[in-house]
Amino acid sequence: MSSTTAGDGGPGGAVVVTGASRGIGAAMAGDGGRAGAVVVTGASRGIGAAMAIELARRGWTVACLSRSGEMPGDLRDRDGVSAHVCDVTDEAALSRVFAAVAEAAGGIAGLVNNAGIHRQTPSVQLSRDELDAVLNVNTVGPVLACREVHPHLVATGGGLIVNIGSFWDRLGVPRTVAYCASKAALGAVTRCLAVEWAADGITVVDVAPGYISTDMNRDYLASDSGRGRLARVPSGRAGEPEEVAAFVAGLFDGPVGYLTGSTIYMDGGLGISV
Ligand code: NDP
């Protein structure tokens, strides 16, 4: 009634999957396959860079998109990894880059909508420009990217889209109207596309991190206020980009089976604690 599968890549030892003779357990014991590229937006640094590095380590062809077009440091000169200048709010650029990536890699297997920006401003001072900027990058951009990648995923027989949300999507956070709204909307986008595209063999999930130490919040987390917040995290610390990366890359290793439309919180338990 049990089966054993060795991980690809590296660490010694085996993963024991109990109850793997049929159903989900049997699917987990399969090998993921590596046909086509995985596109990661916002991959020049932070969580996106960590995901690109982890996906490449597991053998995926990876396309790294960002406004700067910078390659995550560890991936320079690595075969199968490309960096592209692409603002996620620019639909023509998205269309061009996806076509180029599909052409070079023989298809696209998945997309990680990771690019995001964060602003905190008292709501009475919130400008229309700031509201538009946050919603455009964090919500509109992912919708455009999903729309543009859809034909490529269909062409490869389906695929996986991971939207990077935030555990703030369900919380009331002072001075953070635009960001919280953008991430709550991304959860809704995930559910709608999961339902609409399930018949196309496309899985859509929202991975919603808690406090992760990156450029976005490193200074805050080191402040008195930030340390106070971290003290309330049941896991007792901030998360690392590599932890989110390992989880998301694991989804691409798949198969993900019956999972779709869900928001999966990776926040050390903070969002469910009192
Ligand atoms: P960083 O600020 O470290 O990195 C953001 C990335 O997005 C960079 O690669 C940046 O590259 C890119 N980017 C920003 N705007 C655009 C754009 N318009 N088009 C294309 N790329 C863009 O952020 P994190 O790594 O911390 O965050 C990654 C994701 O995780 C975000 O969606 C964020 O909301 C989410 N998240 C982060 C948390 C955290 O604690 N860090 C917690 C919860 C969620 P460039 O400047 O070159 O364009």
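So, how was this worked out
Residues numbered from 1 in each chain as written. Predicted model: local features only at pLDDT ≥ 70, side-chain atom pairs only at ≥ 80, totals over all residues. Near = placed C-beta within 6 Å. Nonpolar A, V, L, I, M, F, W, Y, C, P; charged D, E, K, R; others polar. Helix = DSSP H or I, 4+ residues; strand = E, 2+ residues; numbered from the N terminus. Buried ≥ 20, exposed ≤ 12 C-beta atoms within 10 Å, placed from the backbone. Right-handed = clockwise from strand over helix to strand, strands pointing away. Pairing = 2+ DSSP bridges.

1. Topic: the site of the ligand
Okay, step 1: Neighbouring the ligand are 31 residues, the closest being Gly 42, Gly 46, Arg 67, Ser 68 and Gly 116.
Okay, step 2: Among the residues forming the shell around the ligand, the class breakdown is 12 nonpolar, 14 polar and five charged.

2. Some thoughts on unusual backbone geometry
Okay, step 1: Note that the residue after Gly 254, namely Pro 255, is joined by a cis bond; omega there is 0 degrees.
Okay, step 2: Within the secondary structure layout, Pro 255 lies in the loop between helix H8 (241–253) and strand E9 (263–266).
Okay, step 3: One non-glycine residue with positive phi stands out, namely Asp 77, at about 65 degrees.
Okay, step 4: Looking at the secondary structure, you find Asp 77 in the loop between strand E4 (61–66) and strand E5 (81–85).
Okay, step 5: For Arg 175, which is not a glycine, the phi torsion comes out positive at approximately 65 degrees.
Okay, step 6: For Arg 175, a count of 15 C-beta atoms within 10 Å corresponds to the partly exposed category.

3. Some thoughts on the pairing of strand E3 (residues 37–41)
Where a strand is regular, its side chains alternate between the two sheet faces.
Okay, step 1: In terms of burial, E3 is a largely internal element, five of the five residues being buried.
Okay, step 2: Of the two faces of E3, the one holding Ala 37, Val 39 and Thr 41 and the one holding Val 38 and Val 40 are both buried throughout.
Okay, step 3: Note that the unit made of E3, helix H2 (residues 46–57) and E4 has a crossover that is right-handed.
Okay, step 4: Of the pairings in the sheet, the one linking E3 to strand E6 (residues 108–113) comprises four bridges and is parallel in character. Bridge assignment links Val 39 to a residue of E6, and that residue is Leu 111.

That's the geometry; what it means functionally is another story.
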